[in-house]
Amino acid sequence: GQNIDQPTEMTATEGAIVQINCTYQTSGFNGLFWYQQHAGEAPTFLSYNVLDGLEEKGRFSSFLSRSKGYSYLLLKELQMKDSASYLCAVRKNTGFQKLVFGTGTRLLVSP
Amino acid sequence: GAVVSQHPSWVICKSGTSVKIECRSLDFQATTMFWYRQFPKQSLMLMATSNEGSKATYEQGVEKDKFLINHASLTLSTLTVTSAHPEDSSFYICSARDTASYEQYFGPGTRLTVT
């Protein structure tokens, strides 16, 4: 089985930096994804890590430590439109390479 | 970019009836598609993996006779919720894996309400 945990909710102010953590325990790890999801919409891809280290993409960065079963998503220069749910997902190294999602973090950005 | 569509986008049905949801990859072939369910304020839960030309693989706790999956072509998978009950009301999201690139793309979701 697998446990993929995230904080339930976070709040931050516009212009600030926020870090959303994700811890996982899973067999057959083959990469970790971060998605953004606005209410009533499908998830949209943000980042992907398969090796340890930091991946930077504009205002968003994602970090992975496989030995610790830990990842984080860093959002800089927060904007109101960043208010959304953020989901980490682990890809399993099985025949189907399925994605298993974490519990999700609702982020509220205030003025 | 790659597009995945779902139809319908929302549906209301009466308890005891069946509802079919379609998932299509519009500009790529998808040997494998995934079906997820999402309850309000919760994350996505994988229900099953759909493979073209073979039986779907269901996650533990998901009733295969209640959630019928058919993946008859490389661009279409369907999920049929049989004998729907109010507790089946949820947001159903599919994703399709591009057979060539292995990238996975999500559909826009289908909101099912059972009355």
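So, here's what we can say about the structure. Sequence order sets the numbering: in each chain, residues are counted from 1 along the sequence as written. Each chain is given a letter, starting from A, and each ligand a number, starting from 1, according to the order in which they appear as written. Given that the model is predicted, a residue must reach a pLDDT of at least 70 before its local features are reported, and side-chain atom pairs must reach 80 or more before they are shown or counted; all residues, however, enter totals for whole chains, interfaces and linings. Computation of side-chain values covers all heavy atoms of the structure but excludes hydrogens and water.

1. Here's the deal with the environment of Ser 5 of chain B
Residues and elements named next belong to chain B.
Then step 1. In DSSP terms, a helix is any run of H or I states spanning at least four residues, a strand is any run of E spanning at least two, and both are numbered starting from the N terminus. Position of Ser 5 among the secondary structure elements: in strand β1 (residues 4–7).
Then step 2. Using a relative accessible area of 23% as the deciding quantity, one classes Ser 5 as partly exposed.
Then step 3. For Ser 5 and Gly 109, which are 104 residues apart along the polypeptide, the C-alpha to C-alpha distance reads 8.3 Å. The buried label goes to any residue with under 20% of its type's maximum accessible area, the exposed label to any with over 50%, and the partly exposed label to all in between, with areas taken from a 1.4 Å probe on protein chains only.

2. Section: the sheet that holds β1 of chain B
Residue and element names in this part refer to chain B.
Then step 1. The sheet built from 4 strands is open, its strands ordered β1-β3-β8-β7 with antiparallel pairing. A strand with exactly one partner marks an edge of an open sheet, and here the two such strands are β1 and β7 (67–73). Direction aside, the axes of adjacent strands within the sheet are offset by 15° on average. Here, strands pair whenever DSSP counts at least two bridges between them. Every axis in this analysis is a line fitted to C-alpha atoms, fitted for helices over the stretch in contact. Angles between the N-to-C directions lie between 0 and 180 degrees.

3. What to know about the packing of aromatic side chains
Then step 1. For this analysis, a ring pair means two rings from Phe, Tyr or Trp (six-membered ring only for Trp) whose centres lie within 6.5 Å, classed as stacked if their planes differ by under 30 degrees, edge-to-face if by over 60, and tilted for the remaining angles. Across all of its chains, the model carries 14 aromatic pairs over all chains by this definition.
Then step 2. When the centroid spacing of 6.1 Å and the interplanar angle of 75° are considered together, the rings of Tyr 35 of chain A and Phe 45 of chain A count as edge-to-face. Of the two residues, Tyr 35 of chain A sits in strand β4 (residues 29–37) while Phe 45 of chain A sits in strand β5 (residues 44–49), which places them 10 residues apart along the sequence.
Then step 3. Overall, Tyr 35 of chain A belongs to the buried group, its relative accessible area being 2%.
Then step 4. Residue class for Phe 45 of chain A comes out partly exposed when judged on its relative accessible area of 42%.
Then step 5. It is Lys 66 of chain B that lies over the ring of Phe 67 of chain B; its NZ or CZ is 5.8 Å from the centre.
Then step 6. Sitting above the plane of the Tyr 102 of chain B ring, Arg 97 of chain B keeps its charged end 4.5 Å from the centroid. For a lysine, the NZ atom is tested; for an arginine, the CZ atom; a charge sits over a ring if that atom is within 6 Å of the ring centre and within 35 degrees of the ring normal.

4. Things to note about the interface of chain A and chain B
Then step 1. With 17 residues of chain A in contact, the opposing surface of chain B contributes 20 residues.
Then step 2. By definition, the buried area sums, over both parts, the 1.4 Å-probe accessible area that each loses when the two are put together. Between chain A and chain B, the buried area comes to about 1500 Å², and carbon and sulfur atoms account for 56% of it.
Then step 3. When the buried area of chain A at its contact with chain B is split by residue, Phe 96, Lys 98 and Phe 101 of chain A rank highest and sum to 35% of it.
Then step 4. Note on definitions: salt bridges are taken to be side-chain nitrogens of Lys or Arg within 4 Å of carboxyl oxygens of Asp or Glu. On inspection of chain A and its partner chain B, the count reaches 1 salt bridge.
Then step 5. Here Lys 98 of chain A and Glu 59 of chain B are joined by a salt bridge, their closest N and O atoms 2.8 Å apart.
Then step 6. Pairing of N or O atoms within 3.5 Å defines a polar contact, subject to two protein rules: one partner must be a possible hydrogen donor and the other a possible acceptor, and residues neighboring in sequence count only if both atoms are side-chain atoms. Summed over the shared surface of chain A and chain B, the result is 7 residue pairs in polar contact (both at pLDDT 80 or more). Contacts are assigned to residue pairs with any non-hydrogen atoms lying within 4.5 Å of each other.

5. Observations concerning the pairing of strand β7 (residues 60–65) of chain A
Residue and element names in this part refer to chain A.
Then step 1. In terms of burial, β7 is a largely internal element, 5 of the 6 residues being buried.
Then step 2. Two elements, β7 and strand β8 (residues 70–75), share 6 bridges in a ladder whose sense is antiparallel. Each residue of the ladder has a partner; that of Phe 63, found in β8, is Tyr 72.

6. Topic: the state of the cysteines
All names here are of chain A.
Then step 1. By disulfide we mean two sulfur atoms from cysteines, separated by a distance within 2.5 Å. Taken as a whole and assessed by the stated rule, the structure comprises 2 disulfides over all chains.
Then step 2. Between Cys 22 and Cys 88 runs a disulfide, and the two sulfur atoms are separated by 2.0 Å. Looking down the S-S bond of the Cys 22 and Cys 88 bridge, the torsion is 60°, so its handedness is right-handed. Of the two residues, Cys 22 sits in strand β3 (residues 18–25) while Cys 88 sits in strand β9 (residues 84–92), which places them 66 residues apart along the sequence. In this structure, Cys 22 and Cys 88 share a single accessibility class: buried.

7. Quick look at the pattern of salt bridges
Pairs can form between side chains of opposite charge whenever their charged atoms are close.
All names here are of chain B.
Then step 1. Tallied over the entire structure, the rule returns 7 salt bridges over all chains.
Then step 2. The salt bridge involving Lys 66 is made with Asp 88; its shortest N-O contact spans 2.8 Å. Of the two residues, Lys 66 sits in the loop between β6 (57–58) and β7 while Asp 88 sits in the loop between β8 (76–81) and β9 (90–97), which places them 22 residues apart along the sequence. When sorted by exposure, Lys 66 lands in the same class as Asp 88, which is buried.

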